[in-house]
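Here is how the chains run, residue by residue.
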Amino acid sequence: MLASELITLFGRSKEREIFEIVRTMNPIMGQYGFDTLRRLRYFLAQVGHESGGLTYTKEIASGKAYEGRKDLGNVIKGDGMRYKGRGYLQVTGRKNYTALQKDTGIPCVEHPEILEQPKYAILSALWYWRKNNLNIYADKDAFTALSKRINGGTNGLPDRMRWLGKANKAITEV
């Protein structure tokens, strides 16, 4: 993946983030199964939507809505706000932060804000993608089903589709 392709996708104003993504992702793309253009485009389209075009690495909402959500592992008072969505795919909940830390060694349980840094924002997105076997949706050309898997519904689907159109035009090699 070339930085120039990501600049076409996300814009020149995001160069710092883009170079960190390229530097982090290129050596490990194979480990995450990004061996087809569609897989990479689907991933980057979802990243584009969930991060507002690499603008947000932390959910805008307070996280109060996640307070006490046992399905997210938020069992200690304050977990909802502490473990609100972070990273380019908005990893959410103590349960996911704990699994991410266990699998990658990123110390995000103690320091959730680390996922706001571009390197860890992309690593957390890659982890979430692989952990949830999301390449199968790309392989089936099932973008709407993928969006539901990431967000729980079709929230923002028109914007996600717009990002996919942009990714299809910008990403020309794996």
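Before any of the text, the structure's been laid out above.
Residues numbered from 1 in each chain as written. Predicted model: local features only at pLDDT ≥ 70, side-chain atom pairs only at ≥ 80, totals over all residues. Heavy atoms only, no water.

Draft legend 1. Quick peek at the packing of aromatic side chains. On inspection of all chains with the given rule, the structure shows 7 aromatic pairs. Here the aromatic rings of F43 and W129 are separated by 5.2 Å at their centres, their planes lie at 85 degrees, and the arrangement is edge-to-face. Residue F43 is located in helix 3 (residues 37-50), and its partner W129 is located in helix 6 (residues 118-131); the two are separated by 86 residues in the primary sequence. Comparing F43 with W129, the two get one shared label, buried. One residue, R130, lies across the ring of Y32, its end atom 4.1 Å from the ring centre. K166 extends its terminal NZ or CZ atom over the ring of W163, reaching a point 4.2 Å from the ring centre. (Phe/Tyr/Trp six-rings, centres within 6.5 Å; stacked < 30°, edge-to-face > 60°. Helix = DSSP H or I, 4+ residues; strand = E, 2+ residues; numbered from the N terminus. Buried < 20%, exposed > 50% of the residue type's maximum accessible area, 1.4 Å probe, protein only. Lys NZ or Arg CZ within 6 Å of the ring centre and 35° of its normal.)

Draft legend 2. Spotlight on the side chain of T57. Considering the arrangement of structural elements, one finds T57 in the loop between helix 3 and helix 4 (79-82). At 2.9 Å, the side chain of T57 forms a polar contact with the backbone oxygen of E116. Apart from residues lying up to four places away in sequence, T57 is in contact with G85, R86, G87, Y88, Q90, L115, E116 and A121. (Polar contact = N/O pair within 3.5 Å; in protein donor to acceptor, adjacent residues only side chain to side chain. Contact = heavy atoms within 4.5 Å.)

Draft legend 3. Looking closely at the pattern of salt bridges. Taken as a whole and assessed by the stated rule, the structure comprises 11 salt bridges. Residues E116 and R86 are paired through a salt bridge, measuring 2.8 Å at the closest nitrogen-oxygen approach. One end of the pair, E116, is in the loop between helix 5 (94-104) and helix 6; the other, R86, is in the loop between helix 4 and helix 5, and 30 residues separate them in sequence. Given a relative accessible area of 25%, E116 falls into the partly exposed group. The exposure class of R86 is buried, given its relative accessible area of 8%. Here K131 makes a salt bridge to D103, at a shortest N to O gap of 3.3 Å. You can see K131 sitting in helix 6 and its partner D103 sitting in helix 5, a full 28 residues away along the chain. Of the residues examined, K131 reaches a relative accessible area of 48% and is grouped as partly exposed. We classify D103 as partly exposed; its relative accessible area is 43%. (Salt bridge = Lys/Arg side-chain N within 4 Å of Asp/Glu carboxyl O.)

Draft legend 4. Representation of unusual backbone geometry. Positive phi is not limited to glycine here, since L54 has a value of about 70 degrees. Secondary-structure assignment places L54 in the loop between helix 3 and helix 4. Take L54: its relative accessible area is 2%, and that puts it in the buried class.

Draft legend 5. Representation of the environment of K169 within the structure. Inspection of the secondary structure assignment puts K169 in helix 9 (residues 157-170). Exposure remark for K169: the relative accessible area of 74% places this residue in the exposed category. Through-space distance from the C-alpha of K169 to that of G73 is 39 Å; in sequence the pair is 96 residues apart.

Draft legend 6. Fine view of the nonpolar core. With 51 residues, the main nonpolar core has L6, F10, M25, F34, F43, L126 and W129 as its most contacted residues. When contributions to this core are tallied by element, the ones reaching two or more residues are helix 1 (3-10), helix 2 (15-25), helix 3, helix 5, helix 6, helix 7 (135-139), helix 8 (143-151) and helix 9. Among the elements that line this core, the one with the most residues is helix 6, at 8 residues. (Core = buried A, V, L, I, M, F, W, Y, C linked by side-chain atoms within 4.5 Å.)

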